[in-house]
Amino acid sequence: MRRPRHRQRRRARADALSALVALALLAGPSPASAQSSSSSAPKLNYNALGSTALLGAFTSLDYASPNASAAPSPSAGNLLTRSSTSDPWSLAGSAASGGSFRAVCELDSRVYVGGSFDEVDGRTGLGNVAVWSEADGWAPLGQGVDGPVNALWCDDDRGEVWLGGVFERPLSAGDADGYGGNLAMWSASSSSWSPAPIGGFSGPVASLSSLDSSTLLLSGSFTTRFSSNSTTTSPSSDSSPSGNGTIGSYASALSPISLSDAQIVGGPNYEDAAYGNPDNLVCSDGNPWIMRDGNGGTLTVRWFRSVTVAGFRLANTDFQGRGTTGFSIVSIPDNAALELVYNDPSSPDTNATCTNLCPLPPPAEAPYVDFLFPAGPQTLTGFELYLSEWTGASPGLDALQVLGDGASAYAVSSLNNGGSTCSADNNTASVSTSGAWTQSSAPTGIAGTTAEYLSATFSTSISHADAPSITFTPYVSATGVYHLRLVIPGCQGVGDCASRTSVQVTVTPSSGADPTVTTVSQAVDDDAQLNVYTGTVEASSDGFNPTIMLTLAANPDAVSGDQYIIVADRLSLVLQQADATLRSTSVGFGAYEYALGGNAVNASAVLSNSTETPTDRAAISLAAALGLRSSSSAVGNMTVHAIARIGSTTFLAGAFASPASANVSFTNLVAHDGAALVPLADNGVDGPVYALAVYDNKLYLAGDFRTAGSVSASNIAVYDPSANAFAAVAGGVDGPVAGLSLAGDNLWLSGNFSTVLDASGSQAVTTGGAAYWDAKRAAWGADQGVVYGDVSAVQTTSDGHQLFIGAVSGSSRYSASGAADLTSEGIKPLSGLRLSAPSITSSSPSSARRRRSTRSSILSWLSARQPSSNPSPPSIPMFPAPAPAVLAGAYAEDGPTFLGGNFSAAGGDADNFAVYRDGAVDAPAGGVTVDGVVQAIAVVRDYAFVGGDFRLEGGGDGVDGRTGLGAYDWKGENWLSLDALTGTGTVYALATRPSQDILIVAGEFNGVGSVSSPGVLAWDASSKQFDALGSGLSGTVRSIAFAGDNAQYLIAAGSFSLGGSVAFIAQFDFDSRTWSNVGATGDLPGPATAVASDDLNANSIWVAGQATSGADPYLLQWNGSSWTDYRTSLQSGTGIQQLMFVPLEEEHDVSGPMEKNRMLLTSGALSLGGGVGDVSSALFDGQLWHPFVSTTGSGGAAGSIAALINSKRKFSFDTKHYLGLGIIILISLAISLGIVFLLTLIGFIFSVMSRRSDSYPLALTDADEDEGLHRPSSLLEHINHATSNMALGGAGGGAGAAAAGAYAAHEKGEKGDHGAAAGPVTSDAGSSYEAYGAPYYDGDNNDGVGHRAYARYDFAGDQEGELRLAVGQQVQVLDSRDRDWWYVRDPANGAEGVCPSSYLF
């Protein structure tokens, strides 16, 4: 059958458009088609859904990743990066368990990380510092350093990285490499270590910062010394004797190493045994050691262990005119000639070096000469001394001493003096012990040698006070600055790592000084030297000897067994400076300033006061106020953590307080005006300050405190120097702040906190351990995301990227407290919604069922109790809902949004049920409080019904005391009086029957009032009455849905009995008022927690729950005859709380039972296989899962989504089809060209008509008829005629009246035949209407009333002057002169009008 001509024209236009579209597709999609979202999941059609929100137990959320990615480790350091505050974080790497990241900086797009770790992402041997780049991953910095790194500073101008912390030196460096301790420098260009140009410090370095690119500020727990005496003789900055000045005072402070336990062999010896004995050099009775006449001599000394040697002291002989004039020394075991430096007696101010032949003057010129290693102390196991030149008959020596690098003391007593009573050994170290110690041997790594040490093994039940101890008393020959190093044998070599623990080391360095206490771990794999003290040590004398005691730590490290092992090997005191001017120095504490690129200095030595900076002067004043009079003064736990400067005032912050005797009182923060300390308002802050930052000439301080001055300030405050006043920073944060970093106007905080607080002190925003304060706006930053855990530092790089380090458990882009909007532009946290744990509990302890405290961290949503008269269905799984959580919500049309759950809002006024409107949260009116958990909300007309496990308090009769169900009249602002639920009285689901104001209430109850309806009942909004829903079902209904035409069926899911059998799903027929199974009893494997129908399709019902056996999750679909299992990808631990079909923005590939314009949204706490992992919401297309949203709860634990709510109760699943940009352009061009063409055509027609109007009369003549002039304009005259009749309002109305009447009836939606006329069709003169042209005769009808025809198709006839047609309808053709449109009459009623000619046959 041929299509009607007007349909052909429409199809042709569609085909043309399709071709145009196909051509324009090359231009790509329109911007309107893009939905802002980082998720790869299909996009929801929010135009169809209306306002949409996610509700649940979470503090933050983000779009889910399609694939599971590595998670940060809360028990180790992590590095997270992101491009901006609006972007998600990316995990760059994690340390091995127990490792920590403490400091970070960026240099040339490479990120340097320091802390206490040895392994990151499987890369081992890092030594507490590493570098990461996106291109190369993690890499070591040499072998790292030998202790924790607390601070890093990247020098962009010089390409260097400074490290500060608690370490001696890089692991690849030796004692002689000049590292002063706690400070080192890495060159990025040469990839090598070097000592810092200021040497090092006597104590730990806590921070490195800069005032500008030319000044470095260092703070910590160390002392510095300044003196006006510029002639002090000391070693150079690398602690060796080859620097400025002579070696005299340095060498004089070195203690001899005992040779009593060494193997000494010499010869050829003099014939007289009294003089030919090399032991004379060790324990002399006054006789020298002499060689055989005419022969040189060789002396071989072996310790068979490693000994640190600084040099040799030789005394020549003049026995019988003999003496040595030239000698050399080689090392054992490598037989290398040793270079030595000495002071030439002929030129006292000059140092000289020698190797193969060193001169030795006669006793008359020098009693002895010290020969030292120019590069500093070296490790030897022995040496050989060659006497190669002499005077007289043969060479000889009067005395030989091997000089240590300062002083030492061994735990094995025999190694200190070998039991010798020689006078030469009188000045030796000693050791004493308490408790049981055992001598043991450890391998040294040198063939044929071992190291002897002591160990103590005892029960872990022994306390610190009762544990074995050992006290070293070294012999210190001269007062000076020393590094005191504790040597610990490695546990791997002796196999006791599992029992090694930590020890406490107490150093008493000088008379009158307080002891210093340090705790160190002895669980070291390899031999280690740990610095336990740096500072002045007083020389041994009859009245005083320095002591070092080692015992079990007060809080020892845990071990794997029930016994501790502590070890003692030796102590080494390494001389840094012979302190001849100790009493003339000024001591500074905790702060030092260095001009980058300036002259090298030794910060451990006495510095000239000409180098003092404002920071140095502040440190000197602080030390004086603290009573630190010398570099050996005990600093205890005092530390300077941060330095800042505003104008000429320097601020020092940390953990310290002035004693009562100080001239200025201060606590943890002090200011110095360049000359003296100045008081701050109310003396400072009441807790340690860890960080400082300057913005707009104001000082921001952060740490662990509650009061700044007299102002309440939670861990952060701001100080205005001009007003000498502190102020709070909003309400602060809820935990300690470890760091501050300024990026433009944003001041970033890092630490162990979770939320930032508003000025009232209540929760403002969940941020985790990192947040920023907009210092310009004086407000907390918005949309900054959440990093859960203890964040050590935050840094913004030069290109705007952000670096976060710390022990974190997770991160999320959007901070939202239990609720967030979903829009086409992305996730939007609800503005103004600030939730906390609920503030009330039940006030009726005598009630039949006491309520659980709503402060509980885990709430039991569902109960296992069932009526005893029926079979006992299994209990329904419980879902965690830690407060605060939003578990239910509903939109009111043209009204507010209602939220319910386990929370407190509106400053504590709204507990568990709140009204949200225009960014504000209020408690419902009427004076009623909800004491318990709200789990369901539905709006019916003006009522917001609330269901859950709660008790209503207040509101009068019919409200007060009601449990489980309430109704709030949001327009009348009061509560509706309802009959009480009977039985348990808990409601889990509320829903209105589509297109009706019938509310379905489901849960665990027996009924309401006198109505018995276990588990489910109905409330009619018209009658305000409850109705029972059949009988036969009894138990707990967890979720409900509707299905069938006109929502004929109610689908109930849960765990209940039906007809005497246990069932998990059932349907109620509203027509027959009966319950029945969906499928067969036992089809479902366990209790159901969620159910949904596909757009009321009774043949597509989906249900989720958990199997009774094993509690594995399931997801099944009912197709009208059987169930299909779709649980394959659901992993153990999944809990599904909601199923909902949602419309999509774009169609998807049809898979299985799912239509292409929708998917099944599954929400709760999901664990998906296929490499996806844990998410809170996912979309299922019938075959594949698409992760949608992930949430995080308090403390970084996984969150959950309870529900998605939307404002449109009925919505369309039709997808929107966006046109491509190219199509839009082409259509615009086509429209433009069409308009131009139309205007041209109209002008042409007007011109032609104007000319014809001049040539033809207005009325047709017979000549016109004869000439066949059938103008289309004749149809207009028909229409005008009909319209004029309608306008005149004649009784008959004619064809125009009929057509107009039909049109009007159609527009008003009136019922009946729109084409019917009230009476016979007549002209305005009362006679029948006559066609313009001669009637069309077909031979069958010659009555002069027109050609008979029949309607081939239905014709709406809804335009003015048209006649409505039905298929097969008979009409009379009155005018057929136009090719496409004919004027016809309906003989049945006389109605007339035009219709398409192709519709007739």
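Not measured: the values here are computed from a predicted model.

Details of the environment of Leu990
So, point 1. By secondary structure assignment, the location of Leu990 is in strand 71 (residues 986-992).
So, point 2. Between the C-alpha atom of Leu990 and that of Ile1040, which follows or precedes it by 50 residues, the distance is 7.9 Å.
So, point 3. With residues up to four places along the chain from it excluded, the contact list for Leu990 reads Ala936, Ile937, Ala938, Phe945, Val946, Gly947, Leu965, Leu999, Ile1000, Val1001 and Ile1040.

Examining the packing of aromatic side chains
So, point 1. For the structure on display, the rule yields 42 aromatic pairs.
So, point 2. Measuring from centroid to centroid gives 6.0 Å for Phe651 and Tyr719, while their planes differ by 70°, and the two rings are edge-to-face. Note that Phe651 is positioned in strand 42 (residues 649-657) and Tyr719 in strand 49 (residues 716-720), a separation of 68 residues in sequence.
So, point 3. Given a relative accessible area of 2%, Phe651 falls into the buried group.

Topic: the sheet that holds strand 82 (residues 1097-1106)
So, point 1. Overall, antiparallel pairing links the four strands, which are arranged 81-82-83-84 in an open sheet. Strand pairing shows two members of the sheet lacking a second neighbour, strand 81 (1088-1094) and strand 84 (1123-1125), which therefore form its edges. Sheet twist, expressed as the mean angle between neighbouring strand axes with direction ignored, is 25°.
So, point 2. In the sheet, strand 83 (residues 1113-1118) pairs with strand 84 via three bridges, with the strands oriented antiparallel.

Some points on helix 6 (residues 614-626)
So, point 1. With 13 residues, helix 6 extends 18 Å from end C-alpha to end C-alpha; this agrees with the ideal 18 Å at 1.5 Å per step.
So, point 2. Phi for Gly627, located one or two positions after helix 6, is positive at around 85°.

What about the sheet that holds strand 8 (residues 137-140)?
So, point 1. Strand order in the open sheet made by the four strands is 5-6-7-8, with antiparallel pairing throughout. Each of the sheet's edge strands pairs with one partner strand only, and the pair in question is strand 5 (100-107) and strand 8. Here the strands of the sheet are splayed against their neighbours by 30° on average, with no regard to which way each runs.

A few points about a nonpolar patch on the surface
So, point 1. Residues Ile1231, Ile1235, Phe1237, Leu1238, Leu1239, Leu1241, Ile1242, Phe1244 and Ile1245 make up a contiguous nonpolar surface patch of about 900 Å² in total accessible area.
So, point 2. Looking at where Phe1244 falls in the secondary structure, it is placed in helix 7 (residues 1221-1255).
So, point 3. When its relative accessible area of 53% is taken as the criterion, Phe1244 is described as exposed.

Focus on the nonpolar core
So, point 1. In terms of nonpolar packing, the biggest core is built from 48 residues, with Trp437, Ile470, Phe472, Leu484, Leu486 and Val505 touching the most fellow members.
So, point 2. In this structure, Trp437 is in contact with Leu454, Ser455, Ala456, Pro468, Ser469, Ile470, Leu550, Ile566, Val567 and Ala568, ignoring residues within four places of it in sequence.
So, point 3. Membership of the second largest hydrophobic core comes to 46 residues, among which are Phe58, Trp1102, Met1140 and Phe1213.

Some details on the side chain of Asp1069
So, point 1. The residue Asp1069 is located in strand 79 (residues 1061-1069) in this model.
So, point 2. We note that Asp1069 is buried and unpaired, the nearest opposite charge coming from Arg993 at a distance of 7.1 Å.
So, point 3. There is a polar contact of 2.8 Å between the side chain of Asp1069 and the backbone nitrogen of Asp1071.

Some words on the state of the cysteines
Here, the word disulfide means a covalent bond between the sulfur atoms of two cysteines.
So, point 1. According to the stated counting rule, one finds three disulfides in the structure shown.
So, point 2. Note that Cys105 is cross-linked by a disulfide to Cys154, the S-S spacing being 2.0 Å. In this structure, the disulfide formed by Cys105 and Cys154 twists by about 60° around the S-S bond and is classed as right-handed. Of the two residues, Cys105 sits in strand 5 while Cys154 sits in strand 9 (residues 149-155), which places them 49 residues apart along the sequence.
So, point 3. Overall, Cys105 belongs to the buried group, its relative accessible area being 4%.
So, point 4. According to the relative accessible area criterion, Cys154 is buried, its value standing at 9%.
So, point 5. The partner cysteine of Cys354 in its disulfide is Cys358, sulfur to sulfur 1.9 Å.

Focus: the pattern of salt bridges
So, point 1. By the definition in use, this model includes 20 salt bridges.
So, point 2. In this structure, Asp1094 and Arg1158 form a salt bridge, with 2.7 Å as the shortest nitrogen-oxygen distance. A residue pair is termed long-range when its members are at least 10 positions apart, and Asp1094 in strand 81 and Arg1158 in strand 86 (residues 1158-1168) qualify at 64 residues.
So, point 3. Relative accessible area serves as the criterion here: at 4%, Asp1094 is assigned to the buried category.

Quick look at a negative patch on the surface
So, point 1. Negative charge collects at one region of the surface, where Asp118, Asp525, Asp526 and Asp527 lie side by side.
So, point 2. Considering the arrangement of structural elements, one finds Asp526 in the loop between strand 34 (516-521) and strand 35 (528-537).
So, point 3. Since its relative accessible area comes to 56%, Asp526 is described here as exposed.

Parameters and conventions
- Residues numbered from 1 in each chain as written.
- Predicted model: local features only at pLDDT ≥ 70, side-chain atom pairs only at ≥ 80, totals over all residues.
- Heavy atoms only, no water.
- Helix = DSSP H or I, 4+ residues; strand = E, 2+ residues; numbered from the N terminus.
- Contact = heavy atoms within 4.5 Å.
- Phe/Tyr/Trp six-rings, centres within 6.5 Å; stacked < 30°, edge-to-face > 60°.
- Buried < 20%, exposed > 50% of the residue type's maximum accessible area, 1.4 Å probe, protein only.
- Pairing = 2+ DSSP bridges.
- Axes fitted to C-alpha atoms, helices over the stretch in contact; angles between N-to-C directions.
- Expected span 1.5 Å × (residues − 1).
- Patch = residues over 30% accessible without salt bridge, like charges linked within 9 Å, V, L, I, M, F, W, Y side chains within 5 Å.
- Areas by Shrake-Rupley, 256 points an atom, 1.4 Å probe, with all protein chains shown as cover.
- Salt bridge = Lys/Arg side-chain N within 4 Å of Asp/Glu carboxyl O.
- Core = buried A, V, L, I, M, F, W, Y, C linked by side-chain atoms within 4.5 Å.
- Lys, Arg positive; Asp, Glu negative; His and termini not counted.
- Polar contact = N/O pair within 3.5 Å; in protein donor to acceptor, adjacent residues only side chain to side chain.
- Disulfide = S-S within 2.5 Å.
- Charge placed at Lys NZ, Arg CZ, Asp CG, Glu CD.

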